[in-house]
Amino acid sequence: MPPRKTPSSPQPAGNGPAALAPRTLLWGSVAVALVTIVLKTLAWHLTGSVGLLSDALESFVNLAGAIFALAMVTVAQRPADDDHPYGHHKAEYFSSGFEGILIVGAAVAIFWAAALRLASPQPLEQVGWGLALSVASSMLNGWLAWLMFRSARVHRSVALEGDARHLVTDVWTSAGVVVGIGAAGATGWLWLDPVVAMAVALNILKEGAHMVWRASQGLMDAAVEPDAQAAIDAALQTFAKGEPQVRFDHLATRQAGQRRFAGLHMHVPAEWSLGRAAQLRGAVEAALMRAVPGLRVTIELLPVGVEAFLEEPEDSPP
């Protein structure tokens, strides 16, 4: 039996102006990816730098990731139905994992291209224009990533945070490329260009692996964040102090995208009326939802001294 319904969407914290909606920002990410693809491809064409080529490849990955994230956020916002009574929030984890896999693939491609160029260095041309175009696209990506991180915190959007992290890796890629090309142009050491590109590839490989790992944890019903867990514990302790006869146990939490879930047992004196017990349960649920925005709570009422059977029966021996 699914938990009783609570407000369909969490209310963002009201500090400062409202953050943009995830779908709006992801549409912006698609547009920015198209612009940066043009800028970085032109920069690579002008200079012949393998570092700028890796930067351009990363922008193609940004575009694919943003489109997939937009699709998954759209799915995640669908209301609960008979086949998905807990909603579709976990769709955002697919987006985060997919972007992580794309980043890993891009890192491998960048490292391979840089290794080939290291074996056969080539002179760079029109370095100034190439660096200017790369810096301009990086500033655009950095600005969008800042907006996304802010909105992801407010809306607790895993897909939006994943796309923001992806853009940050792109900024780091561009920064490394600018350093490499600048150093190669100043010293005449052409091997610096591919070496810096290889170092950047290793850095974004680490970020991609982290995103895949985090998505896997969400799909495996990881517990809520420590601060949310602390807020739940504090709220329960308040009620336990006010009603010494009441006991809470078997608390279990999980998170699914924007939504969080908690289930627990509330033990009340056996002589209490059902109405009194249900009234207290409603108050506890309301307090927990105020303490942790986006939380859906299931509380099972039990008499004091009675424990629910939670362990699965052991398999019968053959």
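Because the structure is a prediction, the values reported are computed rather than measured.

The rules we used
Residues numbered from 1 in each chain as written. Predicted model: local features only at pLDDT ≥ 70, side-chain atom pairs only at ≥ 80, totals over all residues. Heavy atoms only, no water. Core = buried A, V, L, I, M, F, W, Y, C linked by side-chain atoms within 4.5 Å. Buried < 20%, exposed > 50% of the residue type's maximum accessible area, 1.4 Å probe, protein only. Helix = DSSP H or I, 4+ residues; strand = E, 2+ residues; numbered from the N terminus. Contact = heavy atoms within 4.5 Å. Phe/Tyr/Trp six-rings, centres within 6.5 Å; stacked < 30°, edge-to-face > 60°. Lys NZ or Arg CZ within 6 Å of the ring centre and 35° of its normal. pLDDT = per-residue confidence, 0-100. Salt bridge = Lys/Arg side-chain N within 4 Å of Asp/Glu carboxyl O. Axes fitted to C-alpha atoms, helices over the stretch in contact; angles between N-to-C directions. Parallel < 35°, antiparallel > 145°, perpendicular 65-115°, else oblique. Nonpolar A, V, L, I, M, F, W, Y, C, P; charged D, E, K, R; others polar. Pairing = 2+ DSSP bridges.

**Student:** In this structure, what is going on with the nonpolar core? I would like to understand it.
**Tutor:** Here is a general trend for soluble globular proteins: nonpolar side chains tend to be buried in one another's company. In this structure, Met-266, Val-284 and Leu-288 are the most contacted members of the largest nonpolar core, which totals 20 residues. Where this core is concerned, the elements lending two or more residues are helix H7 (226–242), strand E2 (259–268), helix H8 (274–291) and strand E3 (295–303). Residue contacts for Leu-288: discarding those within four places in its chain leaves Ile-232, Ala-235, Leu-236, Leu-264, Leu-295 and Val-297. The next biggest cluster of nonpolar side chains, apart from the first, holds 15 residues, and it includes Ala-69, Leu-70, Leu-144 and Leu-160.

**Student:** Mind showing me how you'd approach the packing of aromatic side chains here?
**Tutor:** One pair of aromatic rings is described through two measures. These are the centre distance and the angle between the planes. Within the structure shown, the criterion is met by one aromatic pair. The interplanar angle of 40 degrees and the centroid separation of 4.2 Å between the aromatic rings of Phe-68 and Phe-98 together place this pair among those described as tilted. With Phe-68 in helix H2 (residues 50–76) and Phe-98 in helix H3 (residues 91–119), the pair connects residues that are 30 residues apart, well separated along the chain. Overall, the relative accessible area of 27% leaves Phe-68 in the partly exposed class. The exposure class assigned to Phe-98 is partly exposed, which follows from its relative accessible area of 29%. Sitting over the ring of Phe-261, Arg-254 keeps its end group 4.1 Å from the ring centre. Taking the ring centre of Trp-272 as reference, the NZ or CZ of Arg-276 above it sits at 3.8 Å.

**Student:** Teacher, can you tell me more about the confidence of the model for the protein here?
**Tutor:** Detailed conclusions should not be drawn from predicted coordinates in areas where pLDDT is low. Averaged over all residues, the pLDDT of the protein equals 78, while 87% of them reach at least 70. H8 holds the highest mean pLDDT among the elements of the protein, 91, whereas helix H5 (residues 158–187) holds the lowest, 76. Low confidence marks residues 1–17, where pLDDT is under 50. Its contacts with residues over four positions away, or in another chain, come to 27 contacts.

**Student:** So what exactly am I meant to see when it comes to the pattern of salt bridges here?
**Tutor:** Where side chains of opposite charge bring their charged atoms close, a pairing between them can arise. In the structure shown here, the tally under the stated rule is two salt bridges. With a closest N to O distance of 3.3 Å, Arg-260 and Glu-225 form a salt bridge. Of this pair, Arg-260 sits in strand E2 while Glu-225 sits in the loop between helix H6 (192–219) and H7, and the two are 35 residues apart along the sequence. According to the relative accessible area criterion, Arg-260 is buried, its value standing at 10%.

**Student:** Explanation requested: the packing of H5 against H6 in the structure shown.
**Tutor:** Helix packing for two helices is described by the angle between their axes and how far apart those axes are. Two numbers describe how H5 lies on H6: the axes approach to 8 Å, and their chain directions differ by 170 degrees. By the angle class used here, H5 and H6 are roughly antiparallel. Considered class by class, the residues forming the contact of H5 with H6 number ten nonpolar, seven polar and five charged.

**Student:** Please explain the sheet that holds E2 as it appears in this structure.
**Tutor:** Strand pairing in a sheet takes place through backbone hydrogen bonds and is either antiparallel or parallel in direction. Strand order in the open sheet formed by three strands is E1-E2-E3, with mixed pairing between adjacent strands. Only two strands of the sheet have a single neighbouring strand rather than two, namely strand E1 (247–256) and E3. Taking each pair of neighbouring strands and ignoring which way they run, the sheet shows an average axis angle of 15 degrees. Here E2 pairs with E3 via nine bridges, running parallel. The residue of E3 that forms the bridge with Phe-261 is Arg-296. Of the strands in this sheet, E1, E2 and E3 touch H7, which is tilted by about 155 degrees from E1.

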